[in-house]
Amino acid sequence: MSEKVVVISGASSGIGEATARVLAKAGHKVFLGARREDRLAALADEIGGAYAPLDVTSRESFQSFVDAAVERYGRVDVLVNNAGVMPLSLMGSLKVDEWDRMVDVNIKGVLNGIAAVLPRFTDGGHVVNVASIGAHMVMPTAAVYCATKYAVWALSEGLRQERDDLRVTVISPGVTESELADTITEDFAASLMEDFRKLALPASAIGDAIAYAISQPAEVDVNEIVVRPVSQR
């Protein structure tokens with residue numbers, strides 16, 4: 001496997017952290033981004049990576065993050081757009097501030113990452129967007145969240161069709177260990193998620209899927225991987 005420079009958003013916990021560990025172990029150079037710099041520093045020190053603070057909702061922050069990766073390693077080969085939030089609630093609860101947050105992080109954050117890396121790709125490049133099974137199905141309390149993940153799928157497919165030299169992969173995890181559920185403020189939604197998460201996969205399972213997509217030959221584009229627990233219906 002050839003060594004690649006991989007920038008990862010949302011790398012301070014969950015899928016982002018697990019992916020960083022998997023890719024670093026495989027011999028890739030990982031550049032970590034998130035808002036919690038103390039966690040990034042500890043992880044980078046442990047796995048031999050590097051980091052910079054990142055607010056994915058800011059186009060300027062994402063650009064500075066990617067620029068810092070290029071300054072450190074001389075190039076960027078892969079973007080893992082992983083940062084996301086999931087404050088589930090019934091639409092009738094009108095938690096509109098939480099709707100806005102999901103749009104800002106889950107959709108605009110992905111677009112900001114794409115805008116930052118495309119000019120930096122010198123030899124093809126690879127965009128990996130972490131969506132969700134919510135891109136394929138809608139569940140009660142998850143309407144807005146699922147809408148944002150449908151958007152991630154659509155943006156990914158559109159980008160793939162535009163560029164013959166660019167690989168684009170959508171990773172759609174089923175229920176997975178992460179801190180996503182910590183953002184739920186509605187008791188009803190939190191109760192549903194508590195039962196749902198009893199089936200959760202380890203985050204490393206998603207990291208392994210991302211590593212597989214990245215490891216393919218340049219002429220092979222793994223467009224989408226759905227990873228669910230065996231017992232998830």
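Residues numbered from 1 in each chain as written. Predicted model: local features only at pLDDT ≥ 70, side-chain atom pairs only at ≥ 80, totals over all residues. Heavy atoms only, no water.

Caption draft 1: Just helix α2 (residues 37–47), in detail. Three or more residues of α2 are buried, namely L40, L43 and A44. When α2 is viewed along its axis, its buried side chains cluster within an angular range of 100° and face the same direction. Facing away from the buried side of α2 by more than 90 degrees, the exposed set consists of D38, D45 and E46. Turning to α2, the residues buried within the fold contact α1 (14–25), β2 (29–34) and β3 (50–53). Following α2 by one or two positions, G48 has its phi on the positive side, about 80°. (Buried < 20%, exposed > 50% of the residue type's maximum accessible area, 1.4 Å probe, protein only. Helix = DSSP H or I, 4+ residues; strand = E, 2+ residues; numbered from the N terminus. Arc of directions from axis to C-beta. Contact = heavy atoms within 4.5 Å.)

Caption draft 2: Highlighting the sheet that holds β2. With parallel pairing, the 7 strands of this open sheet are ordered in space as β3-β2-β1-β4-β5-β6-β7. Either end of the sheet is taken by a strand with one partner, and the two such strands are β3 and β7 (224–227). Averaged over neighbouring strand pairs, the angle between their axes works out to 15° when direction is ignored. Along the sheet, α1 contacts β1 (5–9), β2 and β6 (167–173); its crossing angle with β1, the most-contacted strand, is approximately 165°. Sheet strands in contact with helix α3 (residues 59–73) are β1, β2, β3 and β4 (78–81), and its direction is about 155° off that of β2. (Pairing = 2+ DSSP bridges. Axes fitted to C-alpha atoms, helices over the stretch in contact; angles between N-to-C directions.)

Caption draft 3: Fine view of the nonpolar core. With 38 residues, the main nonpolar core has V7, F31, F62, F65, V66 and V127 as its most contacted residues. At the level of secondary structure, the elements contributing two or more residues to this core comprise β1, β3, α3, α4 (96–117), α5 (143–162) and β6. If near-sequence neighbours (up to four positions away) are discounted, V127 is found in contact with L79, I114, V117, F121, L159, L166, R167, V168 and T169. In terms of nonpolar packing, the next biggest core, distinct from the first, is built from 31 residues, V6, A24, L32 and V128 among them. (Core = buried A, V, L, I, M, F, W, Y, C linked by side-chain atoms within 4.5 Å.)

Caption draft 4: Just the environment of A42, in detail. Along the chain, A42 falls in helix α2. Classification of A42 by relative accessible area gives partly exposed; the value is 48%. Considered as a pair, A42 and L90 are 48 residues apart in the sequence and their alpha carbons are 37 Å apart.

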